[in-house]
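The residues making up each chain are set out below.
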Amino acid sequence: MIKNFSEYLKEFEQTLKSVFYERDDINKFSLNRGFPPLVMREIMASAPLSVAIPENYGGRGAKVKECLGILSSAAYESLPLALTLGINIALFLEPVAKYANNTVKGGIFKRFLEKQQMGGLMITEPDFGSDALNMQTHYTQKDDLYHIKGTKHWQGLTGLADFWLITSRQKHEQGKLDRDIDFFICDVTQKNQQVVVEEYFDNLGLYMIPYGTNKLDIQIPKEYKLTPESTGVKMMLDILHRSRMQFPGMGLGFIKRLMDEAIDQCKTRIVGGKSLFSFDQVQHQISKIQSAYTICSALCVRSSDKSGLENNLASDGVEANSIKTVVTDLMQESAQTLVQLSGAKGYRLSHIGGRGIVDSRPFQIFEGANEMLYTQISDMILKMMKKKKESNLFQFLKDFNLTEKASEYFKKEINFSIDFNLPQRKQVDLGKALSRIVSAGFVLNLEEKGFRKDLISNCINSLQHDISNLINSFQINKGVSSIEDYQDGSSWLEMA
């Protein structure tokens, strides 16, 4: 019988506290590369990845709510741990559950449940980062084997994962690579499937997760190829969009920890005979973290409702990109705020704030750099506006399903006509504003479910302020360009 999730989650949280504070000191071992083996073994012994495995294979049922709950609890104690679990859940176990051949699922899930094994995803290449459609990793088929060759890099769990989902393009006889993308399950414990790690990176943050360059020259049996519902590209979008919609789980736990630390710091720190908590600017800064907490809570509810394996998310780019970008921006902003409130002691790798800055920063880059995703949001919205022959932003958003509820709150700012030929930097500004309007709609949905009204009110006020600033920035139309020969005539020494 499957244990009640609340009880299961409570036991997992107790395990984390025992491991990180009683048996070892997370603030000390976070200074070193990799998780201490005993720490990781004890955490994985509680089977946190069972939440992403279907019930008929011995798991808890791959329920999004439970996946987000585990990620949130892990992120409260350690963002690298949450990302480790997130990689396994969203980028390996869920795609396998949805797209893998039924003949191979049982063996894979059994090893995750009984042997605490792990899996990751290989898409990115040294010469093709976000430009995944031009990846050069390729495969040829001979009999029942696929021979894959190529180089991948910046894969989380490099040298650590037992399984990899590997993306590749078919190479035809004349040497041309197919336009579509295929996914293969690689089991590194098997003959001819060993991934060679050519280099480990000195990643700036997330010390406990190994990253590096992986060389591929492997042979995969045909039953280990994923089967898309239509095309491989759409399967990739479904996988990536589902992953982006799980970021709120990690974001919520991380931001809640920063909020708790900030409140504790400001209540106990005395300046001029008063606690920091009594200062208006400090109240404003803490309210911004609380707004981030409210937004992530709303996005967790939305993702739980929307991103189950039964749904194909390939066409949900506006929503998935909005969720990923907003959450990751809020994570970084909240970490910066805690360090500011903590003073000098916050500027240490052994402090949750200082460590949080470098650990949360790559979240704005991987799985699509936020600037690129903001541009895509704008591009998708502008295409829909063109199709409807509507140039007024408010008029369009009030009838668009993701923004119809929230648009009225921002009518003053967004009631203007848009030039469809925008430079990219303006698309980024517009995308930022649009993603926050989408988020506001989910916050309003959260209010209807009974969430605290004071937190909702503060959050909407904060979003109104942010969107006003973003639209003002968007409407300043001065041209900007870099100056290559800037050194000519720009030496202050000659002018002093």
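Everything discussed here concerns the structure shown above.
Here we summarise the structure given alongside this text. Quick caveat, the model's predicted, so the values are computed rather than measured.

This part is about the overall build of the chain. Scanning the chain from terminus to terminus reveals 16 helices and nine strands. Computed over its C-alpha atoms, the radius of gyration of the chain comes to 24 Å, within 12% of the 23 Å expected for a compact globule of 496 residues. In terms of principal-axis extent, the alpha carbons of the chain reach across some 70 × 60 × 60 Å. In the chain, 74% of the contacts between residues at least 6 apart in sequence involve partners at least 24 apart. Surface summary for the chain: the accessible area is close to 23100 Å², and the carbon and sulfur share equals 49%. Taken together, the 59 basic and 59 acidic charged side chains of the chain have centroids lying 2 Å from each other.

Quick look at the packing of helix H4 (residues 64–77) against helix H9 (residues 280–306) now. The angle between the axes and the distance between the axes are what describe a pair of packed helices. The interhelical angle for the contact between H4 and H9, taken along N-to-C directions, is 145°, at an axis separation of 8 Å. Facing Val64, Lys65 and Leu68 of H4, the residues of H9 in contact are Cys300, Ser303 and Ser304. Within the contact of H4 with H9, the residues separate by chemical class into three nonpolar, two polar and one charged.

On to helix H12 (residues 370–388), then. An α-helical turn contains 3.6 residues, so any two residues separated by three or four positions project in the same direction. Relative to the 27 Å expected for 19 residues at 1.5 Å per residue, H12 spans 27 Å between its end C-alpha atoms, a close match to the ideal helical length. Three or more residues of H12 are buried, namely Asn370, Leu373, Tyr374, Thr375, Ile377, Ser378, Ile381, Leu382 and Met385. Along its buried surface, H12 packs onto helix H7 (232–244), helix H10 (317–342), helix H13 (393–397) and helix H15 (424–448). Two residues or fewer past H12, Lys389 is found with a positive phi of approximately 55°.

Let us now look at the packing of H10 against H15. In the contact formed by H10 and H15, the axes pass within 9 Å of each other and the chain directions differ by 95°. Judged by the inter-axis angle, H10 sits roughly perpendicular to H15. Along the contact surface, H10 presents Glu319, Ser322, Thr325, Val326 and Asp329, while H15 presents Ser435, Arg436, Val438, Ser439 and Phe442. A class-by-class count of the residues in the contact of H10 with H15 yields three nonpolar, four polar and three charged.

This part covers the layout of surface pockets. One number sums up the size of the largest pocket: a volume of about 1300 Å³. Lining the largest pocket are 46 residues, and of these Thr124, Ile365, Phe366, Glu367 and Gly368 sit closest to its centre. It is H7 that contributes the most residues to the lining of the largest pocket, eight residues altogether. Along the lines of polarity and charge, the residues of the lining of the largest pocket split into 26 nonpolar, 16 polar and four charged. Its boundaries defined by the atoms lining it, the second largest pocket holds a volume of some 360 Å³.

This part takes up the side chain of Asp238. Note that Asp238 resides in helix H7. A residue is classified by how much of its surface remains accessible, and Asp238, at 0% relative accessible area, is buried. For Asp238, the residues in contact, after removing those within four places along its chain, are Lys98, Tyr99, Asn311, Asn312, Leu313 and Ala314.

Take the pattern of salt bridges next. Within the structure shown, the criterion is met by 24 salt bridges. Between Asp238 and Lys98 there is a salt bridge; the shortest N-O distance is 3.1 Å. Taken as a pair, Asp238 in helix H7 and Lys98 in helix H5 (residues 79–99) lie far apart in primary sequence, 140 residues in all. The pair Asp238 / Lys98 is uniform in exposure class, with both members buried. Measuring nitrogen to oxygen at the nearest pair gives 3.0 Å for the salt bridge that ties Asp316 to Lys306. Placement of Asp316 in the loop between H9 and H10 and of Lys306 in helix H9 is noted, with a sequence separation of 10 residues between them.

Here the focus is the packing of aromatic side chains. Under the defined criterion, the tally for this structure stands at 16 aromatic pairs. Relative to Phe366, the ring of Phe363 lies with its centre 4.9 Å away and its plane at 55°, an arrangement referred to as tilted. The class for Phe366 is partly exposed, based on a relative accessible area of 21%. Aromatic rings pair up to connect Phe92, Phe112 and Phe163 into one cluster. Just above the ring of Tyr207 sits the side chain of Arg33; from NZ or CZ to the centre is 4.1 Å.

Analysis parameters
- Residues numbered from 1 in each chain as written.
- Predicted model: local features only at pLDDT ≥ 70, side-chain atom pairs only at ≥ 80, totals over all residues.
- Heavy atoms only, no water.
- Helix = DSSP H or I, 4+ residues; strand = E, 2+ residues; numbered from the N terminus.
- Rg over C-alpha atoms; globule rule 2.2 N^0.38 Å.
- Contact = heavy atoms within 4.5 Å.
- Areas by Shrake-Rupley, 256 points an atom, 1.4 Å probe, with all protein chains shown as cover.
- Lys, Arg positive; Asp, Glu negative; His and termini not counted.
- Charge placed at Lys NZ, Arg CZ, Asp CG, Glu CD.
- Axes fitted to C-alpha atoms, helices over the stretch in contact; angles between N-to-C directions.
- Nonpolar A, V, L, I, M, F, W, Y, C, P; charged D, E, K, R; others polar.
- Expected span 1.5 Å × (residues − 1).
- Buried < 20%, exposed > 50% of the residue type's maximum accessible area, 1.4 Å probe, protein only.
- Parallel < 35°, antiparallel > 145°, perpendicular 65-115°, else oblique.
- 1 Å grid on protein atoms, 1.4 Å probe; cavity = no way out; pocket = protein on both sides within 12 Å on 5 of 7 lines; lining within 4 Å.
- Points joined across faces, edges and corners; volume = space filled by probe spheres on them.
- Salt bridge = Lys/Arg side-chain N within 4 Å of Asp/Glu carboxyl O.
- Phe/Tyr/Trp six-rings, centres within 6.5 Å; stacked < 30°, edge-to-face > 60°.
- Lys NZ or Arg CZ within 6 Å of the ring centre and 35° of its normal.

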